[in-house]
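# Coordinates in review
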Amino acid sequence: MDISVVIPLYNEDESLPELTSWIARVMMEHHFSYEILFVDDGSTDNSWQVIEELKIAFPAVKAIKFRRNYGKSAALNVAFEASQGDVIITMDADLQDSPDEIPELYRRLREEKMDIISGWKKKRYDPITKTIPTKLFNAATRKMSGIQLNDFNCGLKAYRSDVVKTIEVYGEMHRYIPVIAKWAGFKNIGEQVVEHRARKYGVTKFGLSRFINGFLDLLSIFFVGKFGKRPMHFFGSLGVLSFLIGSFMALWIIGEKLYHISMNTSYREITDQPMFYIALVAIILGSQLFLTGFVAELVTRNASERNQYLIEKEIL
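To keep things clear, this report deals only with the structure shown in the data block.

Parameters and conventions
Residues numbered from 1 in each chain as written. Predicted model: local features only at pLDDT ≥ 70, side-chain atom pairs only at ≥ 80, totals over all residues. Heavy atoms only, no water. Helix = DSSP H or I, 4+ residues; strand = E, 2+ residues; numbered from the N terminus. Contact = heavy atoms within 4.5 Å. Areas by Shrake-Rupley, 256 points an atom, 1.4 Å probe, with all protein chains shown as cover. Salt bridge = Lys/Arg side-chain N within 4 Å of Asp/Glu carboxyl O. Buried < 20%, exposed > 50% of the residue type's maximum accessible area, 1.4 Å probe, protein only. Pairing = 2+ DSSP bridges. Axes fitted to C-alpha atoms, helices over the stretch in contact; angles between N-to-C directions.

### Quick notes on the overall build of the protein chain
Of regular secondary structure, the protein chain possesses 10 helices and eight strands. Excluding contacts between residues fewer than 6 apart, the proportion of contacts in the protein chain whose partners are at least 24 apart in sequence is 81%. Carbon and sulfur atoms form 59% of the exposed surface of the protein chain, whose accessible area is close to 16500 Å².

### Looking at the pattern of salt bridges
Applying the stated rule across the entire model yields 12 salt bridges. The partner of Lys72 in a salt bridge is Asp92, with the nearest N and O atoms 2.8 Å apart. Within this pair, whereas Lys72 is found in helix 3 (residues 72-82), its partner Asp92 is found in the loop between strand 4 (87-90) and helix 4 (102-111), the two being separated by 20 residues in sequence. Each member of the pair, Lys72 as well as Asp92, carries the same accessibility label: buried. The network of salt bridges with shared partners includes Arg25, Glu29 and Asp100.

### Points about the sheet that holds strand 8 (residues 311-315)
Pairing is mixed across the open sheet formed by eight strands, whose spatial order is 7-5-6-4-1-2-3-8. Looking at which strands have only one partner, the edges of the open sheet turn out to be strand 7 (189-193) and strand 8. Sheet twist, expressed as the mean angle between neighbouring strand axes with direction ignored, is 15°. Bridge count for strand 4 against strand 6 (residues 157-160) is four bridges, and the pairing is antiparallel. In the strand pairing of strand 6, Val87 is matched with Arg160.

Next comes the structure, spelled out in structure tokens:
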């Protein structure tokens, strides 16, 4: 199979017929073998009924329905596992991504030997309250990851199959799939300017909280990428440093007291000095950080599956 089109959705029953017809037309015009894989993320409208009807008219339609809303990352992770195409195209269900971009994404991915091609919505129809935070996040992600993309969060992306079969997406880390892929060893990441269409149906499902969560996920990605397989290097280094600083301060205070005793001069009791408590806190903190690193090391060696979701129905 040439292409799997992966579409996570939540309450998008109005746009699904038009989107499916559009994708099918593009695929037929370019003679692609394909599947359209919808993941219904616990919709409360008629999205699943619409998908069941679309399956009758379009045999390429496949679908998975979550029992409740888990989020876009969960939907993508499950879809990646189920996809069968050599190239995986992800896009949103709200018609703001154009299926007409698919042939060029497919061509570039195959001919230029890329791992990922990320869409860049250079001209956007979003309000300024959304575009400014997005630009800040993109700049921060470029700085921390070293990946020179202008739009990390664009839903329209193309992946080689082995990329999505290798990585794991959870929480709200779908924004940083290129970063996750890079840490997994897939470094051929490109970008393509794509059309951003104004929303035709419904309302956006993302609020202000996504920016806060996005920042926290960026820190998480950075830490996991750098120290996920060796947490002791992070916590242990900080712990040893803190322990040594505290020990040095404690020895200094003790040495100072012994010096004054030998010189028969006045001195303050060790427990009367603020430095004693600072040294004590540093030693305790250092010990705790070291133990944290040790426990984290054990956890990484015995981690259970974290991506388990309740699936209510499937059309495969």
